[in-house]
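# Architecture at a glance
Here is what each chain is made of, one letter per residue.
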Amino acid sequence: MKKLSTILSSLLMLTLFAACKSHEVQVSTPAFHNYTTECLGMDMDGRQTLRVWATGRNRTDGVEQAKKKAVYEVVFNGISGGSGQCNTYPLIDEPNARKKYEEYFNRFFTDGGAYKKYVSTTGQWKRTMQIFEGDGTLTCGLIVIVDRAALNARFTDDNLK
(Lines give C-alpha, C1' and ligand atoms only; values in the text may rest on other atoms or scores of the structure.)
Protein backbone atom coordinates (compact mmCIF):
# COMPACT_ATOMS: atom_id res chain seq x y z
CA MET A 1 0.00 0.00 0.00
CA LYS A 2 2.88 2.33 0.82
CA LYS A 3 4.39 1.62 -2.59
CA LEU A 4 1.12 2.53 -4.34
CA SER A 5 0.90 5.74 -2.31
CA THR A 6 4.47 6.67 -3.31
CA ILE A 7 3.74 6.04 -6.99
CA LEU A 8 0.55 8.11 -6.89
CA SER A 9 2.35 10.93 -5.09
CA SER A 10 5.10 10.87 -7.69
CA LEU A 11 2.59 10.97 -10.56
CA LEU A 12 0.74 13.85 -8.92
CA MET A 13 3.98 15.81 -8.49
CA LEU A 14 5.02 15.10 -12.08
CA THR A 15 1.63 16.28 -13.34
CA LEU A 16 1.90 19.48 -11.30
CA PHE A 17 5.40 20.21 -12.60
CA ALA A 18 4.29 19.62 -16.18
CA ALA A 19 1.28 21.92 -15.75
CA CYS A 20 3.38 24.65 -14.19
CA LYS A 21 6.23 24.65 -16.71
CA SER A 22 7.98 27.94 -17.23
CA HIS A 23 7.09 30.21 -20.13
CA GLU A 24 9.16 29.48 -23.18
CA VAL A 25 10.73 32.31 -25.14
CA GLN A 26 9.31 32.43 -28.66
CA VAL A 27 12.10 32.67 -31.21
CA SER A 28 11.23 34.27 -34.50
CA THR A 29 11.45 31.92 -37.48
CA PRO A 30 13.01 34.58 -39.75
CA ALA A 31 16.01 34.76 -37.45
CA PHE A 32 17.05 31.34 -38.69
CA HIS A 33 16.02 31.66 -42.32
CA ASN A 34 18.56 31.77 -45.12
CA TYR A 35 18.07 35.09 -46.92
CA THR A 36 20.46 34.53 -49.82
CA THR A 37 19.15 34.91 -53.34
CA GLU A 38 18.74 31.50 -54.96
CA CYS A 39 18.70 30.45 -58.58
CA LEU A 40 15.65 28.36 -59.46
CA GLY A 41 16.43 28.13 -63.18
CA MET A 42 17.64 29.82 -66.34
CA ASP A 43 15.74 30.10 -69.61
CA MET A 44 17.40 29.82 -73.00
CA ASP A 45 16.55 33.47 -73.71
CA GLY A 46 18.67 34.72 -70.81
CA ARG A 47 16.00 35.13 -68.15
CA GLN A 48 16.79 33.91 -64.65
CA THR A 49 14.17 32.68 -62.20
CA LEU A 50 15.19 33.56 -58.65
CA ARG A 51 13.89 33.31 -55.11
CA VAL A 52 14.80 36.57 -53.43
CA TRP A 53 14.21 37.93 -49.92
CA ALA A 54 13.78 41.56 -48.94
CA THR A 55 12.41 43.61 -46.09
CA GLY A 56 9.83 46.37 -46.43
CA ARG A 57 7.44 48.50 -44.40
CA ASN A 58 4.41 46.60 -45.69
CA ARG A 59 3.54 43.91 -48.24
CA THR A 60 3.67 46.23 -51.27
CA ASP A 61 6.99 47.73 -50.23
CA GLY A 62 8.42 44.28 -49.48
CA VAL A 63 7.52 43.03 -52.96
CA GLU A 64 9.10 46.09 -54.62
CA GLN A 65 12.23 45.77 -52.48
CA ALA A 66 12.48 42.09 -53.47
CA LYS A 67 12.29 43.01 -57.16
CA LYS A 68 14.98 45.68 -56.73
CA LYS A 69 17.19 43.27 -54.83
CA ALA A 70 16.84 40.61 -57.54
CA VAL A 71 18.01 43.01 -60.24
CA TYR A 72 20.76 44.37 -57.97
CA GLU A 73 22.06 40.86 -57.26
CA VAL A 74 22.18 39.98 -60.97
CA VAL A 75 23.91 43.26 -61.87
CA PHE A 76 26.50 43.55 -59.09
CA ASN A 77 26.88 40.21 -57.31
CA GLY A 78 25.87 37.36 -59.59
CA ILE A 79 23.80 34.43 -58.34
CA SER A 80 25.74 31.66 -56.65
CA GLY A 81 23.04 30.08 -54.48
CA GLY A 82 20.44 27.58 -55.56
CA SER A 83 20.46 25.23 -58.52
CA GLY A 84 23.67 26.50 -60.14
CA GLN A 85 22.00 27.08 -63.51
CA CYS A 86 22.21 30.87 -63.26
CA ASN A 87 25.25 32.91 -64.12
CA THR A 88 27.40 33.18 -61.05
CA TYR A 89 29.22 36.25 -62.31
CA PRO A 90 27.74 39.74 -62.13
CA LEU A 91 26.69 41.65 -65.25
CA ILE A 92 28.94 44.54 -64.29
CA ASP A 93 32.14 43.16 -62.84
CA GLU A 94 34.04 46.43 -62.80
CA PRO A 95 35.36 47.16 -59.28
CA ASN A 96 33.40 49.93 -57.53
CA ALA A 97 30.99 50.25 -60.48
CA ARG A 98 28.08 51.08 -58.17
CA LYS A 99 30.01 54.02 -56.78
CA LYS A 100 31.54 55.06 -60.11
CA TYR A 101 28.13 55.22 -61.81
CA GLU A 102 26.25 56.22 -58.67
CA GLU A 103 24.01 58.83 -60.28
CA TYR A 104 23.00 56.43 -63.06
CA PHE A 105 22.17 53.58 -60.68
CA ASN A 106 20.39 55.82 -58.16
CA ARG A 107 17.97 56.81 -60.95
CA PHE A 108 17.82 53.21 -62.25
CA PHE A 109 16.86 51.77 -58.83
CA THR A 110 14.57 54.58 -57.66
CA ASP A 111 10.99 53.59 -56.78
CA GLY A 112 9.25 53.07 -60.10
CA GLY A 113 12.60 53.32 -61.90
CA ALA A 114 13.92 51.56 -64.97
CA TYR A 115 14.77 48.38 -63.03
CA LYS A 116 11.05 47.45 -63.22
CA LYS A 117 11.36 46.80 -66.97
CA TYR A 118 13.74 43.91 -66.29
CA VAL A 119 11.98 42.05 -63.48
CA SER A 120 8.61 40.35 -63.25
CA THR A 121 6.83 38.00 -60.91
CA THR A 122 5.64 34.56 -61.81
CA GLY A 123 1.96 34.08 -62.60
CA GLN A 124 1.22 32.60 -59.17
CA TRP A 125 3.48 34.84 -57.13
CA LYS A 126 0.91 35.53 -54.40
CA ARG A 127 0.62 31.82 -53.64
CA THR A 128 4.37 31.27 -53.58
CA MET A 129 5.27 34.40 -51.59
CA GLN A 130 6.45 33.87 -48.02
CA ILE A 131 6.07 36.61 -45.44
CA PHE A 132 7.56 36.98 -41.98
CA GLU A 133 6.52 39.88 -39.76
CA GLY A 134 8.55 41.46 -37.01
CA ASP A 135 9.49 44.79 -35.44
CA GLY A 136 7.32 46.90 -37.75
CA THR A 137 8.77 45.38 -40.92
CA LEU A 138 7.84 42.58 -43.25
CA THR A 139 10.30 40.15 -44.83
CA CYS A 140 9.09 38.83 -48.19
CA GLY A 141 10.36 35.79 -50.02
CA LEU A 142 9.34 36.07 -53.64
CA ILE A 143 9.96 34.20 -56.88
CA VAL A 144 10.86 36.62 -59.67
CA ILE A 145 12.19 36.50 -63.21
CA VAL A 146 15.07 38.81 -64.15
CA ASP A 147 15.79 39.44 -67.83
CA ARG A 148 19.57 39.26 -67.70
CA ALA A 149 19.98 39.45 -71.48
CA ALA A 150 17.95 42.69 -71.74
CA LEU A 151 19.88 44.20 -68.81
CA ASN A 152 23.14 43.30 -70.51
CA ALA A 153 21.98 44.99 -73.74
CA ARG A 154 20.92 48.12 -71.86
CA PHE A 155 24.20 48.46 -69.99
CA THR A 156 26.15 47.90 -73.21
CA ASP A 157 24.10 50.60 -74.96
CA ASP A 158 24.64 52.95 -72.00
CA ASN A 159 28.43 52.31 -72.13
CA LEU A 160 28.59 50.78 -68.68
CA LYS A 161 30.21 47.58 -69.93
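Before going into details, it helps to say that this report is about the structure given with it. Just so it is clear, the structure is predicted and the values come from calculations on it, not from any experiment.

Applying the stated criterion across every chain, the model contains 13 aromatic pairs. On the basis of an interplanar angle of 85 degrees and a centroid distance of 6.3 Å, the ring pair of phenylalanine 105 and phenylalanine 108 is categorised as edge-to-face. Placement of both phenylalanine 105 and phenylalanine 108 in helix α4 (residues 102-108) is noted, with a separation of 3 residues, approximately one turn of the helix. Both residues of the pair, phenylalanine 105 and phenylalanine 108, count as buried. One aromatic cluster is present, formed by Tyr72, Phe76, Tyr104, Phe105, Phe108, Phe109, Tyr115, Tyr118 and Phe155 through successive ring pairs. The ring of tyrosine 89 carries arginine 148 above its face, with NZ or CZ at 4.7 Å from the centroid.

Turning our attention to helix α2 (residues 59-77). Helix length check: α2 (19 residues) gives 25 Å between terminal C-alpha atoms against 27 Å at 1.5 Å per residue, within 8%. Where α2 begins, one side-chain oxygen reaches toward the backbone nitrogen of threonine 60, 3.2 Å away; that side chain belongs to asparagine 58. Directly beyond the C-terminal end of α2, a positive phi value near 80 degrees is found at glycine 78.

In the structure shown here, the tally under the stated rule is 8 salt bridges. Between lysine 67 and glutamate 64 there is a salt bridge whose closest N-O contact spans 3.6 Å. With lysine 67 and glutamate 64 both in helix α2 and 3 residues apart, the pair spans about one turn of that helix. Here lysine 67 falls in the buried class, since its relative accessible area comes to 15%. The salt bridge partner of arginine 154 is aspartate 158, with a shortest N-O separation of 3.4 Å. Overall, the relative accessible area of 21% leaves arginine 154 in the partly exposed class. By relative accessible area, which is 33% here, aspartate 158 ends up partly exposed. A single network of salt bridges, built from pairs that share partners, joins Asp43, Asp45 and Arg47.

Cut-offs used in this document
Residues numbered from 1 in each chain as written. Predicted model: local features only at pLDDT ≥ 70, side-chain atom pairs only at ≥ 80, totals over all residues. Heavy atoms only, no water. Phe/Tyr/Trp six-rings, centres within 6.5 Å; stacked < 30°, edge-to-face > 60°. Helix = DSSP H or I, 4+ residues; strand = E, 2+ residues; numbered from the N terminus. Buried < 20%, exposed > 50% of the residue type's maximum accessible area, 1.4 Å probe, protein only. Lys NZ or Arg CZ within 6 Å of the ring centre and 35° of its normal. Expected span 1.5 Å × (residues − 1). Polar contact = N/O pair within 3.5 Å; in protein donor to acceptor, adjacent residues only side chain to side chain. Salt bridge = Lys/Arg side-chain N within 4 Å of Asp/Glu carboxyl O.

In short, the description is geometric, and any link to function would need to be established separately.
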